[in-house]
Amino acid sequence: VADIAQSLGAGFVTALTPLYLYYALLGAVLGTITGVLPGLGPLGAMAILLGFTLTMDATGAMILFAGIYYGAMYGGSTTSILLNIPGEAASVVTCIDGYKMTQRGRGGAALTVAAVGSFIAGTISILGLMVVALFLSDIALRFGPAEFLAIGVSGLILLVRLSGGPILQSLIMILVGMALATVGIDFLTGLERFTYGIQELGQGFEFLPVAMGIFGIAEVLTTVRTPQLLLGRIARVRLRELLPARPEWQRAVPSMFRGSFLGFLIGLVPGPSPVIATFASYIFEKRISKHPEEFGSGAIEAVAGPEAANNAAVGGAYVPLFALGIPFTPAMAVVLGALMLHGLTPGPNLIKVKADLFWTVIASMYIGNLMLLLLNVPLVNVFVSILRIPRHILLPGIVLISLIGVYSVNASSLDLLLLAAFGLVGYALREVGFQPAPLVLAMVIGPMIETSLRQSLSISGGSLAAVILRPIALAMYAIAALTFVVPFVLRWIRKARPAAPGVAGPTVDEV
Amino acid sequence: VSAKRDRQRTLAAAALLGFAVVYFQSALRLDRGTSSNPGPGLVPAAIGGLLLACTAIHLIGVLRSRSGEVEGAASIPPAAGNRRAVVGILAATVVFPLILEPLKFVVATTVVAFVMLVLLNPRRPAFSLGLAVGMAVASFVIFSRLLGVALPGGPVEHLLLRIG
């Protein structure tokens, strides 16, 4: 504990230097803006800014991205509550009761509860991140290739289950991502694979144009195709309206803590964890509430719980990245891309080898959360007015930033062409109902899976059973298999059992 | 709209199957090694085989469900208008790297920004041109001067640097 306190103290000393404070503030503001703007989520913003992080050091890049990710969760709640417009996917649930509270004249209270809940969740999840990441990275130092293979494979299995779309489509996206990851020179033999004589493909596909194309350009193109939002009069929130009444606090605070713990746990699992966390928290709060009938018509717990949960999930999502070097969410894949751009190799050693980076980022997360609380509540009217920027000016601006961002890294025209090509691929996939996020995650995790498989087969003398049946690996495969199979079994049981008349359990659809 | 969507989904499923066939064929040409000494073709062959099976099943599913309900179809958002803008923005991103070196940063960025602005708001071309020039100059100053990004420069860029 003394060691942790000392390391955290050193992290605060570094994080409080003017440059890192500036990055934290910049990340918080940019994140809030992307959270407010429908169409551009934190993932798109992080992907677009990936190239520019080369002008800063790795710690600065991590601080900026953490600020954007947390900030987007704060910003998303603002437009959900005041305008019934979810700025990003993790704020959809907040629209339900948040906007109803605004219609009843309690929008200010809902905003404060969302911000305070986010702050509490952020703080709890950073604590969790510190403890769990340190513990897990210590264990992971003893892992061999078989265990890393198990983590990668079970992570992808869980991703197929939890990424939201039809399972076959998610599986295809993962396999396409893994196939693209095999393009280039084989690291063990030095042989070229799938380059078809194109010399530039020898290094494989650069992560930057792929991520920026699929998440940045494709998001812009999808936004172009969706109808323009017609904003009516945006009600101004007065400062005195921001204070919740005592009974509102009494109902909201326990939900904030429940949402924080639930969100953090869900954040550890592969998939779009902030989105899943908000739905899970909403359902949980409704189940245990003394007033479930108020849900859907302005229950403050339905704002406090989900808003805390999506922020806590962000902290949880950092655990596998820092402890194992494996991203479980698309946003973490972009963060990993930033680390690799700075020449860092993520893995269990990262916390030990780059302890200063880890602790400074942790400290800056605390500072960033405080900044967001202080910024978001009083400046709510300023952030909402961002929605008034015409879309026909905003979207070309985003495309230009993406183009310059990709060009700034290698000054390569090929990278720009790849950006356009993957922008088209990402857009086309969305148009036909595919979620491209698993593709990018598989591109990042794929090489690790291949390396681990080939190494562990060589070590075990070619015995696949010896690779799979190692205790930790077997446990991971079992958990992944159960998570994959159990929903099918439950659905089959539900279908087989005749429904009791007049009895129906709550479903997600009801939410 | 339904027939058009069916066509798009069939086309996408066929394209994915085509990709799987080409990838699997190429993977089979690589050395797969032995189980105790896996070669560079082992994992690609496994990925290719699985991908081929999955994309084939997907295509069959899409063909069978044409004009009917299909799993996941409800999640596909109905596309609104402005396809021209989508094609134009994509074309602009392809053209940008081709004109960047010959025209240099400010002129190339102005052209691309103007095209995108006009496509999204065709009513005020003169305003769009002014805005495009402003965007190009502002982005040059921010990225080249403030962030130190090396951008292709010509007479216009040198002039801007001297003014700045």
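Residues numbered from 1 in each chain as written. Chains lettered and ligands numbered in written order. Predicted model: local features only at pLDDT ≥ 70, side-chain atom pairs only at ≥ 80, totals over all residues. Heavy atoms only, no water.

**Q** Even after reading the chapter, I still don't get the overall build of chain A, so can you show me in this structure?
**A** For chain A, the count of helices and strands is 21 helices and two strands. Whereas a compact globule of 511 residues would reach a radius of gyration of roughly 24 Å, chain A reaches 23 Å, a difference of no more than 12%. In terms of overall dimensions, chain A has C-alpha extents of about 65 × 60 × 55 Å along its principal axes. Going through the 511 residues of chain A one by one, you find that 59% of them count as buried. Residue pairs in contact within chain A that sit at least 24 positions apart in sequence constitute 80% of those at least 6 positions apart. (Helix = DSSP H or I, 4+ residues; strand = E, 2+ residues; numbered from the N terminus. Rg over C-alpha atoms; globule rule 2.2 N^0.38 Å. Buried < 20%, exposed > 50% of the residue type's maximum accessible area, 1.4 Å probe, protein only. Contact = heavy atoms within 4.5 Å.)

**Q** Honestly, the confidence of the model for chain B in this entry has me stumped. Any pointers?
**A** Detailed reading of the predicted coordinates is not advisable wherever pLDDT is low. Residue and element names in this part refer to chain B. On average, residues of chain B score 85 in pLDDT, and 90% of them are at 70 or above. Across chain B, helix 2 (residues 42–64) holds the top mean pLDDT of 95, while helix 5 (residues 155–163) sits lowest at 81. Per the prediction output, this complex has pTM 0.80; the corresponding ipTM is 0.87. (pLDDT = per-residue confidence, 0-100.)

**Q** Would you mind going over empty space enclosed by the protein with me for this structure?
**A** Any empty space left between the atoms is revealed when a probe the size of a water molecule rolls over them. All names here are of chain A. Taken as a whole, this structure holds three cavities of 30 Å³ or more when the rule is applied. Taken as a whole, the largest cavity spans an internal volume of roughly 70 Å³. Lining the largest cavity, in full, are Y74, S77, T78, L111, A114, A115, S118, N376, V377 and V380. Looking at the lining of the largest cavity, the elements that each hand over two or more residues are helix 4 (58–83) and helix 6 (107–140). Sort the elements by how many residues they give to the lining of the largest cavity and helix 6 lands first, with four residues. (1 Å grid on protein atoms, 1.4 Å probe; cavity = no way out; pocket = protein on both sides within 12 Å on 5 of 7 lines; lining within 4 Å. Points joined across faces, edges and corners; volume = space filled by probe spheres on them.)

**Q** Please explain a positive patch on the surface as it appears in this structure.
**A** Residues and elements named next belong to chain A. The grouping of R491, R494, K495 and R497 at the surface amounts to a positive patch. Tracing the backbone shows R491 in helix 21 (residues 471–496). Accessibility expressed as a relative area gives 44% for R491, which makes it partly exposed. (Patch = residues over 30% accessible without salt bridge, like charges linked within 9 Å, V, L, I, M, F, W, Y side chains within 5 Å. Areas by Shrake-Rupley, 256 points an atom, 1.4 Å probe, with all protein chains shown as cover. Salt bridge = Lys/Arg side-chain N within 4 Å of Asp/Glu carboxyl O. Lys, Arg positive; Asp, Glu negative; His and termini not counted. Charge placed at Lys NZ, Arg CZ, Asp CG, Glu CD.)

**Q** How should I be thinking about the nonpolar core in this particular structure?
**A** Nonpolar side chains in soluble globular proteins generally cluster together in the buried interior. F65, Y318, F322, I362 and L439 of chain A are the most contacted members of the largest nonpolar core, which totals 199 residues. The element best represented in this core is helix 3 (residues 83–120) of chain B, accounting for 17 residues. Not counting residues within four places of it along the chain, the set of residues in contact with F322 of chain A comprises L129, A133, G347, L350, I351, L357, F358 and V361 of chain A. Residues V93, F295, A299 and A302 of chain A belong to the second largest nonpolar core, which totals five residues. (Core = buried A, V, L, I, M, F, W, Y, C linked by side-chain atoms within 4.5 Å.)

**Q** How do you make sense of the packing of helix 12 (residues 301–324) of chain A against helix 13 (residues 330–341) of chain A when you look at a structure like this?
**A** Between two packed helices, the angle of one axis relative to the other and the distance separating the axes together describe the packing. Residues and elements named next belong to chain A. Where helix 12 meets helix 13, the closest approach of the two axes is 10 Å, and the angle between their N-to-C directions is 45°. With respect to helix 13, the axis of helix 12 lies oblique. Here helix 12 runs over helix 13; the crossing is right-handed. Counted together, A317, Y318 and L321 of helix 12 and M332, V335 and L336 of helix 13 form the full contact between these two elements. Among the residues making up the contact of helix 12 with helix 13, the classes are represented as six nonpolar, no polar and no charged. (Axes fitted to C-alpha atoms, helices over the stretch in contact; angles between N-to-C directions. Parallel < 35°, antiparallel > 145°, perpendicular 65-115°, else oblique. Left-handed = near helix turned anticlockwise from the far one by under 90°. Nonpolar A, V, L, I, M, F, W, Y, C, P; charged D, E, K, R; others polar.)

**Q** Could you clarify how one ought to interpret the pattern of salt bridges in this entry?
**A** Should their charged atoms come close, side chains of opposite charge can pair. Residues and elements named next belong to chain A. Counted under the stated rule, the structure contains 10 salt bridges over all chains. Here D186 and R454 are joined by a salt bridge, their closest N and O atoms 2.9 Å apart. A residue pair is termed long-range when its members are at least 10 positions apart, and D186 in the loop between strand 1 (184–185) and strand 2 (192–193) and R454 in helix 19 (residues 437–459) qualify at 268 residues. Take D186: its relative accessible area is 1%, and that puts it in the buried class. You can call R454 buried: its relative accessible area is 1%. A single salt-bridge network, built from bridges that share partners, covers D186, R193, E450 and R454.

**Q** What is the right way to look at the environment of L151 of chain B in this model?
**A** You can see L151 of chain B is positioned in the loop between helix 4 (125–146) and helix 5. Between the alpha carbons of L151 of chain B and A20 of chain B there is a distance of 39 Å; along the sequence they are 131 residues apart. Each residue touching L151 of chain B, except ones within four places of it in the same chain, is listed here: I404 and Y407 of chain A together with F105, F140, F143 and S144 of chain B.

**Q** What should I look at first to understand the layout of surface pockets in this one?
**A** All names here are of chain A. Of the voids in this model, the second largest pocket is the one considered here, and its volume is about 1,200 Å³. Lining the second largest pocket are 43 residues, and of these M340, M443, V444, P447 and M448 sit closest to its centre. Those elements that place two or more of their residues in the lining of the second largest pocket are helix 7 (145–162), helix 8 (167–181), strand 1, helix 9 (207–225), helix 13 and helix 19. Its residues assigned to classes, the lining of the second largest pocket shows 25 nonpolar, 14 polar and four charged.

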